[in-house]
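Fold and geometry: a report
Residue-level listing of the chains:
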Amino acid sequence: MEWRLWRQSWRTWLRLFVMAAVVVVITQEGCVCGGDVTYDGRSLIINGERRILFSGSIHYPRSTPEMWGSLIGKAKEGGVDVIQTYVFWNLHEPQPGQYNFSGRYDLVKFIKEIQAQGLYACLRIGPFIESEWTYGGFPFWLHDVPDIVYRSDNEPFKFYMQNFTTKIVNMMKSEGLYASQGGPIILSQIENEYQNIEAAFHEKGPPYVRWAAKMAVELQTGVPWVMCKQTDAPDPVINTCNGMRCGQTFGGPNSPNKPSLWTENWTSFYQVYGGEPYIRSAEDIAFHVALFIARNGSYVNYYMYHGGTNFGRTSSAYVITSYYDQAPLDEYGLLRQPKWGHLKALHAAIKSCSTTLLQGLPTNFSLGQLQEAYVFREETEGRCVAFLINNDERNNATVQFQNASHELMPKSISILPDCEKVIFNTATVNTNDTKRIIRTTEIFDSMDRWQGYSDVIPNYENTSLHSDTLLEHMNVTKDVSDYLWYTLRFQHNISCAEPKLVAESQGHATHAFVNNIYIGNAHGSHDTKQFIMQSPVVLSNEINNISLLGVMVGLPDSGAFLERRFSGLTRVEIQCSENEFYNFTNYAWGYQVGLFGEKLQIYREENIDMVEWSKANTSLNQPLTWYKTFFDAPIGNDPVALNLSSMGKGEAWINGQSIGRYWVSFLTSKGEPSQNNFRPCCENSLSANRMFHQ
């Protein structure tokens with residue numbers, strides 16, 4: 001009775017709130033035919049048809065355009081209906097009003113590839129995205145807007161947020177990419193997990209949520225908008241769930257007229273330097289997807305379906321270059337079995353009975369202490385679908401259902417599309433494990449193949465930016481480099497038998513030079529960013545120069561008041577004993593942004609001879625050294641990886657393109673580096689120059 005009353009209210013609500021869209025049909029073979037996209041309390045409705053949809057996150061800048069077709073094709077083969085992606089503001093608007101949509105940033109090309117392969121798209125504009133992406137996707141120039149407070153009822157922020165959101169929506173409209181125009185985009189997202197921080201903004205939080213929803217809806221995309229993890233998402237915006245177990249944790253839509261959508265089902269977890277990979281089993285993912293569908297869920301997105309690579313300096317603080325390598329498609333775009341195959345079988349099982357799931361009357365009842373059933377019946381058609389669930393994580397269970405006995409494996413769900421025969425069990429994996437095989441094609445172990453260049457260590461007199469105190473790292477570098485030099489000079493008048501240089505930092509790493517001699521380094525971690533470096537030092541009787549290189553390994557990506565974050569050195573002193581020290585925190589400091597080699601862009605072929613290269617030195621303790629070599633690309637179309645296990649910390653370039661940071665010397669608790677390999681950006685080049693600095 002209650003369910004039928006809800007159905008009546010859906011119709012009333014849809015007339016009031018859901019905007020109708022113009023239906024445009026595309027006749028190209030294999031393309032999605034767009035149309036009217038609405039929803040009710042059961043599911044999204046596309047062209048008048050309720051749909052259960054499986055979606056996979058693939059982020060266009062975390063792979064190359066040459067890979068997009070293959071990745072999307074493999075997702076489709078795996079039973080995915082929708083490709084979901086964020087939109088990356090800092091890539092597209094690096095300076096106010098200056099836009100970049102070329103190469104890996106070609107959002108339109110990516111969406112059109114989705115359409116060409118007959119899939120739908122979900123566009124998560126944000127424009128705050130988090131996503132373990134540097135600065136949460138915000139361009140750093142936003143930091144310098146006067147009086148700005150990010151993600152708050154703040155006029156300067158709302159002005160720029162609306163500008164960018166409107167830019168993206170208008171671009172999609174101009175290309176006819178919304179379903180209302182015949183395109184593949186059936187959903188858009190505004191904001192991202194805002195409720196996690198909303199309370200920090202007090203009275204400025206709720207009005208911002210209402211403004212963001214109203215602003216988005218008024219852009220008239222013709223398709224629904226969502227807000228993830230926002231239980232008070234204003235009508236008609238749909239509140240959705242993120243997490244690993246939304247079938248258990250999601251409180252449901254905030255209106256009976258909205259469907260139950262899962263925008264992030266984490267297939268593993270991001271990995272940080274010094275951290276071990278998180279392995280989530282195919283069985284666990286399948287269990288929670290089936291449970292969500294059994295509890296009236298109708299849209300599940302895998303985050304990530306393909307994680308890819310954080311090229312360049314795009315990863316957030318301490319996040320490694322490889323992103324969600326344990327996803328159904330690994331970093332290289334290869335099938336991760338049995339995860340990919342097991343989920344494919346799950347999708348097929350659910351789709352085989354989706355009509356009854358979407359139209360049948362749902363009931364739920366107990367089959368035992370830790371066992372239960374969810375049943376969907378179509379009274380007029382006589383069809384029936386059942387999910388038999390064993391929540392016991394250790395023991396099998398025998399249950400009686402419809403006069404038949406069923407053996408349920410521990411922590412499993414059996415799907416019976418006719419309420420009689422089991423066609424899928426979440427704990428029964430019929431896909432064989434595969435192992436990624438890496439074959440060595442070339443070894444760069446001969447020092448004769450390498451040339452090196454030692455970067456310049458600046459002293460105070462070489463710097464043009466001066467201050468009488470320690471400046472905040474990000475505000476000085478403006479995110480154009482990971483590196484910031486802090487320099488000072490002083491006359492030696494310290495009577496100290498065994499002086500130590502002490503530098504305290506808020507992250508992420510510091511290298512110290514005294515009178516151009518390297519004396520040591522220290523770093524923090526993802527969980528403990530603050531650290532103190534202490535190194536013995538030999539002081540000259542005359543003028544002493546201290547040069548400290550502050551290093552960021554990605555900007556922060558989340559939390560309230562992101563614009564107020566502090567990073568970099570907070571205290572510098574020469575210490576003689578516990579109670580005797582000479583503090584230089586408030587002193588005459590000189591600053592230089594970046595390394596000299598970065599400024600000259602010596603990683604580009606046209607600039608390679610702007611510095612003097614020499615035969616590489618075999619010494620293991622050579623900080624701030626660039627290395628270069630040349631090689632021919634391996635034959636074939638297989639993904640190419642570079643093994644950097646002999647390196648320390650730095651960044652790597654292929655043909656002038658940065659393929660990301662490496663930090664092999666930062667070991668896990670098991671004594672292993674978090675990551676050794678990269679996938680280069682230029683698969684089919686005949687020759688390439690490779691460079692590293694550390």
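The protein has the name Beta-galactosidase in an unreviewed UniProt entry, where Prunus yedoensis var. nudiflora is given as its organism. Taken directly from UniProt, the Catalytic activity (unreviewed entry) text for the protein runs: "Hydrolysis of terminal non-reducing beta-D-galactose residues in beta-D-galactosides."

Some details on helix 5 (residues 155-174)
For helix 5, spanning 20 residues, the distance from its first C-alpha to its last is 28 Å, which sits close to the expected 28 Å at 1.5 Å a residue. Capping the start of helix 5 is the job of one residue whose side-chain oxygen sits 2.9 Å from the backbone nitrogen of Phe157: Asn154.

A word on the pairing of strand 15 (residues 397-401)
Side chains of strand 15 alternate between two faces, with Ala397, Val399 and Phe401 buried and Thr398 and Gln400 left unburied. Bridge analysis of strand 15 against strand 16 (residues 404-408) gives 5 bridges, and the strand direction is antiparallel. Residue pairing in the sheet places Gln400 in a bridge with Ser405 of strand 16. Where strand 15 folds back onto strand 16 in an antiparallel hairpin, the turn is made up of 2 residues, including Gln402, whose phi is positive at roughly 50°.

Considerations on the pattern of salt bridges
Across all of its chains, the model carries 26 salt bridges by this definition. Among the salt bridges present, the one from Glu175 reaches Lys112, with a minimum N-O distance of 2.8 Å. Within this pair, whereas Glu175 is found in the loop between helix 5 and strand 7 (185-190), its partner Lys112 is found in helix 4 (residues 107-116), the two being separated by 63 residues in sequence. Between Arg124 and Glu264 there is a salt bridge, with the nearest N and O atoms lying 3.0 Å from each other. Placement of the pair is Arg124 in strand 6 (residues 120-126) and Glu264 in strand 10 (residues 260-266), with a sequence separation of 140 residues. Through salt bridges with shared partners, a single network forms among Arg313, Asp479, Asp482 and Arg661.

Considering the state of the cysteines
Applying the stated criterion across every chain yields a total of 3 disulfides. What pairs with Cys384 in a disulfide is Cys419, and their sulfur atoms sit 1.8 Å apart. Of note, the bridge from Cys384 to Cys419 carries an S-S torsion of about -65° and is left-handed in sense. Of this pair, Cys384 sits in strand 14 (residues 383-390) while Cys419 sits in the loop between strand 17 (412-416) and strand 18 (424-425), and the two are 35 residues apart along the sequence. Judged on exposure class, the residue Cys384 and its partner Cys419 are both buried. Across the disulfide, Cys496 is cross-linked to Cys576 (sulfur-sulfur distance 2.1 Å).

Digging into the nonpolar core
Counting 125 residues, the largest nonpolar core has Ile111, Met172, Ile186, Leu346 and Phe387 as the members making the most contacts within it. No other element matches the 9 residues that helix 8 (residues 282-294) contributes to this core. With 23 residues, the next largest nonpolar core counts Leu484, Tyr486, Leu501 and Ala512 among its residues.

What about the sheet that holds strand 2 (residues 44-46)?
Taken in spatial order, the 3 strands line up as 1-2-3 in an open sheet, and their pairing is antiparallel. Since the sheet does not close on itself, it has two edges, and those belong to strand 1 (37-39) and strand 3 (49-51), each with one partner. The sheet shows a mean angle of 40° between the axes of neighbouring strands, direction not considered. Inspection of the sheet shows strand 1 paired to strand 2 by 3 bridges, in the antiparallel sense.

A closer look at the sheet that holds strand 27 (residues 569-575)
With antiparallel pairing, the 4 strands of this open sheet are ordered in space as 25-22-27-28. Two strands lie at the open edges of the sheet, namely strand 25 (531-536) and strand 28 (581-583), each paired on one side alone. Strand-to-strand twist across the sheet, computed as the mean angle between neighbouring axes with direction ignored, equals 20°. Two elements, strand 22 (residues 500-505) and strand 25, share 6 bridges in a ladder whose sense is antiparallel. Considered in strand 25, the bridge of Ser505 is made with Phe531.

What about the domain arrangement of the protein?
One can read the domain layout of the protein as domain 1 (37-358), domain 2 (366-425), domain 3 (456-594) and domain 4 (600-693). Counting from both sides, the interface comprises 26 residues of domain 1 and, opposite them, 23 residues of domain 3. Approximately 2200 Å² of surface area, both sides summed, lies buried where domain 1 meets domain 3, with 61% of it carried by carbon and sulfur atoms. On the domain 1 side of the contact with domain 3, Phe140, Arg313 and Tyr318 bury the most area, a combined 35% of that side's loss. Put simply, domain 1 and domain 3 have 3 salt bridges between them. Lys478 is paired through a salt bridge with Asp144; the nearest N and O atoms lie 3.1 Å apart.

Concerning the UniProt feature "domain: Glycoside hydrolase 35 catalytic" (unreviewed entry) in the protein
UniProt annotation of "domain: Glycoside hydrolase 35 catalytic" (unreviewed entry) refers to residues 43-349 when read in the numbering used here. Secondary structure content for residues 43-349 is 29% helix and 19% strand, and the end C-alpha separation is 18 Å.

Side note on the packing of aromatic side chains
Scanning the entire structure with this criterion turns up 46 aromatic pairs. Between Trp68 and Phe110 the ring centres are 5.3 Å apart and the planes differ by 75°, which places this aromatic pair in the edge-to-face class. In this pair, Trp68 sits in helix 2 (residues 65-77) while Phe110 sits in helix 4, placing the two residues 42 residues apart along the sequence. In this structure, Trp68 and Phe110 share a single accessibility class: buried. The cationic tip of Arg62 hangs over the ring face of Tyr323; the distance from NZ or CZ to the ring centre is 3.6 Å.

About the thresholds
- Residues numbered from 1 in each chain as written.
- Predicted model: local features only at pLDDT ≥ 70, side-chain atom pairs only at ≥ 80, totals over all residues.
- Heavy atoms only, no water.
- UniProt positions renumbered as here; feature names shortened; annotations may be inferred.
- Helix = DSSP H or I, 4+ residues; strand = E, 2+ residues; numbered from the N terminus.
- Expected span 1.5 Å × (residues − 1).
- Polar contact = N/O pair within 3.5 Å; in protein donor to acceptor, adjacent residues only side chain to side chain.
- Buried < 20%, exposed > 50% of the residue type's maximum accessible area, 1.4 Å probe, protein only.
- Pairing = 2+ DSSP bridges.
- Salt bridge = Lys/Arg side-chain N within 4 Å of Asp/Glu carboxyl O.
- Disulfide = S-S within 2.5 Å.
- Core = buried A, V, L, I, M, F, W, Y, C linked by side-chain atoms within 4.5 Å.
- Axes fitted to C-alpha atoms, helices over the stretch in contact; angles between N-to-C directions.
- Domains from an automatic or database assignment.
- Contact = heavy atoms within 4.5 Å.
- Buried area = accessible area lost by both parts, 1.4 Å probe.
- Phe/Tyr/Trp six-rings, centres within 6.5 Å; stacked < 30°, edge-to-face > 60°.
- Lys NZ or Arg CZ within 6 Å of the ring centre and 35° of its normal.

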